[in-house]
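For reference, the chains in residue letters:
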Amino acid sequence: MGAVEGGVDVLVVGAGVAGLACAQDLVAAGVRVRVLEASDGVGGRMRTDVRDGFRLDRGFQVVNTSYPQMKRRMDLRALRLRPFTPAVLLATPRGRVRFADPTRAPRQAADLLPGRLASMRDLAGLVLMTGRDLLTPPSGLKRAPDRTTRTALADAAIGEELVETLFRPFLSGVFLEEELETSSRFFHLVWRSMLRGTLCLPEEGVAAVPEQMAAALPEGTVRLGTPVERLTEAGALTAYGDEVPASLVVVAAGPSAATALLHGLDVPPTRSVTTYYHAAPASPLGEPTLLVDTARRVLNTVVLSEVSPAYAPRGRSLVATSVLGADDRPGAEAELRAVLAELYGTDTDRWEPVAAYPVAEALPAMVPPWPLTRTSRHSLGRYVCGDYRATGSVQGAMASGARAAREVLADLRV
Ligand SMILES: Cc1cc2nc3c(=O)[nH]c(=O)nc-3n(C[C@H](O)[C@H](O)[C@H](O)COP(=O)(O)OP(=O)(O)OC[C@H]3O[C@@H](n4cnc5c(N)ncnc54)[C@H](O)[C@@H]3O)c2cc1C
């Protein structure tokens, strides 16, 4: 791609995946774009730090190969995606139970026999709901009435026992809330994407996704270390006092940063999470599988070096454990290590804390009725995008950026 020099038509504030997707689509349409990013790297919530040979995503997360936006705009092969097993391990008071996708891992699906994970009646409800979510096109799921996920599960005849053993602990890690009050439309879309796609991580960390997007932009498009302080008649004023002129501005900052730039912008409350990383001398679970605590002391834990060996230096294992809330108070790590000893059934005394990442604005709270997409048009020449304008996911953030680009292009034509 050629370099961006001189004036630009559109300024994008924020180089998270929403801003980058917007910039990608505008550039593809021949528009001159500049992206101003406050921090020292692209990716926003999808960044990876490298410390002592460990790769530490800034909060454990995964990508899904069935996300339409990932398929559309990413070179998936170049990401060298490493899959998780199509199953989760549930740590229950009766020991570990495996919830596996019987169509993809039939030999792991023995725990789906009636009586092990759930009763015959609950399993029938689960099979019916799963079949419906698999076969209904996304447009149908998006049009369905919106209620809480808890109500949707009850309506699907899934009893309390299965909700408490599987859905509540597992989905708490997806929604970052444990009351299952998140939009049922979002839940059904997530359930469908899990059944159709594969959960994975780029070999060298989640940051590979935004880095690939940024690399596809013309050189000089993204300016790092350039916080925008306020928008002006002529464009935007940076924290260093220079004005970057542009007739149209797309604000792709996170929700609280966006409210500081756009008057009257309505943003939802957010969910928070903390991911703890531990180095273990040996892998405590010999498979790339999410371990979920049905007692809900942790959201989930995973041996990341089983997913991709590049996450840890040779001879060490990296364990990522997420808990609700942005709280890394003193003492929390030691308490967590005791829980991990129980969950993995191993001595964790020699595990070393590597880092803790509290993320205050990790996801929007998607309480029903939750519109799955919102216009990006804010005021004359001002646009807004980000996951909180669609769904709290990589797919949602990219789709929101794509919508902003479509609306900008339509307005530029007028
Ligand atoms: C811990 C965690 C786990 C997650 N798990 C998953 C998962 O498993 N699957 C999934 O699909 N999604 C997951 N997500 C959600 C997904 O990462 C986000 O939805 C997505 O990255 C949001 O992208 P965004 O571009 O909307 O916002 P952001 O990534 O927040 O980007 C906003 C950017 O704007 C910049 N900025 C802010 N203010 C200014 C300013 N004044 N001037 C210039 N720049 C500014 C910020 O520095 C940032 O780079 C997770 C998120 C977190 C945090």
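Residues numbered from 1 in each chain as written. Predicted model: local features only at pLDDT ≥ 70, side-chain atom pairs only at ≥ 80, totals over all residues.

Under an unreviewed UniProt entry, the protein has the name Flavin containing amine oxidoreductase and belongs to Actinacidiphila rubida.

## Brief notes about the pairing of strand 4 (residues 54–57)
Two faces, one strand: in a regular strand the side chains alternate between the faces of the sheet. For the record, the criterion: With C-beta atoms placed from the backbone, a residue counts as buried when 20 or more other C-beta atoms lie within 10 Å of its own, as exposed when 12 or fewer do, and as partly exposed for counts between those limits. Each helix is a run of H or I in the DSSP string that is no shorter than four residues. Each strand is a run of E no shorter than two, and both are numbered from the N terminus. Whether two strands pair depends on DSSP finding at least two bridges between them.
Residues Phe54 and Leu56 of strand 4 are buried on one face, and the alternating residues Arg55 and Asp57, pointing to the opposite face, are buried as well. In the sheet, strand 3 (residues 48–51) pairs with strand 4 via 4 bridges, with the strands oriented antiparallel. Residue pairing in the sheet places Asp49 in a bridge with Leu56 of strand 4. Linking two consecutive strands that pair antiparallel, namely strand 3 and strand 4, is a turn of 2 residues; a positive phi of about 50° is found at Asp52 within it.

## Side note on the domain arrangement of the protein
Defined as follows: An automatic or database domain assignment is the source of the domain bounds shown. What counts as a contact is two residues whose backbone-derived C-beta atoms lie within 7 Å of each other. The residue classification treats Ala, Val, Leu, Ile, Met, Phe, Trp, Tyr, Cys and Pro as nonpolar and Asp, Glu, Lys and Arg as charged. All others, Gly included, are polar.
Examined at the domain level, the protein breaks down into domain 1 (10–47 + 207–268 + 372–413), domain 2 (50–67 + 76–83 + 200–204 + 270–364) and domain 3 (100–196). For domain 2 versus domain 3, the distance between C-alpha centres works out to 24 Å. The interface of domain 2 with domain 3 comprises 16 residues on the first partner and 11 residues on the second. Contributing elements (two or more residues each) for the side of domain 2 that touches domain 3: strand 15 (270–280), strand 16 (290–293), strand 18 (317–324) and strand 19 (352–364). Counting residues per element, the side of domain 2 that touches domain 3 draws most heavily on strand 15, at 3 residues. A class-by-class count of the residues in the side of domain 2 that touches domain 3 yields 7 nonpolar, 6 polar and 3 charged.

## Topic: the site of the ligand
We apply this condition: Defining nearness, a residue is near a molecule or strand when the C-beta atom obtained from its backbone falls within 6 Å of it.
Neighbouring residues of the ligand: 35 residues in total, closest Gly14, Gly16, Gly44, Gly59 and Gln61. Put simply, the parts of the chain that give the shell around the ligand at least two residues each are helix 1 (17–28), strand 19 and helix 13 (394–413). At 4 residues, the largest contribution of residues to the shell around the ligand is made by helix 13. Class assignment of the residues belonging to the shell around the ligand gives a composition of 19 nonpolar, 13 polar and 3 charged. Counting the residues that make up the shell around the ligand, at least three belong to each of domain 1 (10–47 + 207–268 + 372–413) and domain 2 (50–67 + 76–83 + 200–204 + 270–364).

## Quick word on helix 9 (residues 208–215)
The α-helix winds at 3.6 residues per turn, so residues separated by three or four positions along the chain end up facing the same way. Extensive coverage of helix 9 is indicated by the burial of 6 of its 8 residues. Where helix 9 is concerned, the buried positions are Ala208, Val209, Pro210, Glu211, Met213 and Ala214. Packed against the buried residues of helix 9 are helix 1, strand 5 (63–64), helix 3 (76–79), strand 9 (199–202), strand 10 (222–223) and helix 13.

## Quick notes on the packing of helix 4 (residues 120–135) against helix 8 (residues 184–196)
Condition: Comment: axis = line fitted to C-alpha atoms, over the contacting stretch for helices; angle = value between 0 and 180 degrees taken between N-to-C directions. Geometric relationships in this document are graded by angle, where less than 35 degrees denotes roughly parallel, more than 145 denotes roughly antiparallel, 65 to 115 denotes roughly perpendicular, and other angles denote oblique.
Two elements in contact, helix 4 and helix 8, have axes whose closest approach is 9 Å; the angle formed by their N-to-C orientations is 85°. Of the possible angle classes, the one that applies to helix 4 and helix 8 is roughly perpendicular. Of the residues in helix 8, those touching helix 4 at Thr130, Asp133 and Leu134 are His188, Trp191, Arg192 and Leu195. Here the contact of helix 4 with helix 8 is built from residues that sort into 3 nonpolar, 2 polar and 2 charged.

## As for the environment of Thr232
Mapped onto the elements of the fold, Thr232 is located in strand 11 (residues 228–232). It is 8.7 Å that separates the C-alpha atoms of Thr232 and Pro245, two residues lying 13 residues apart in sequence.

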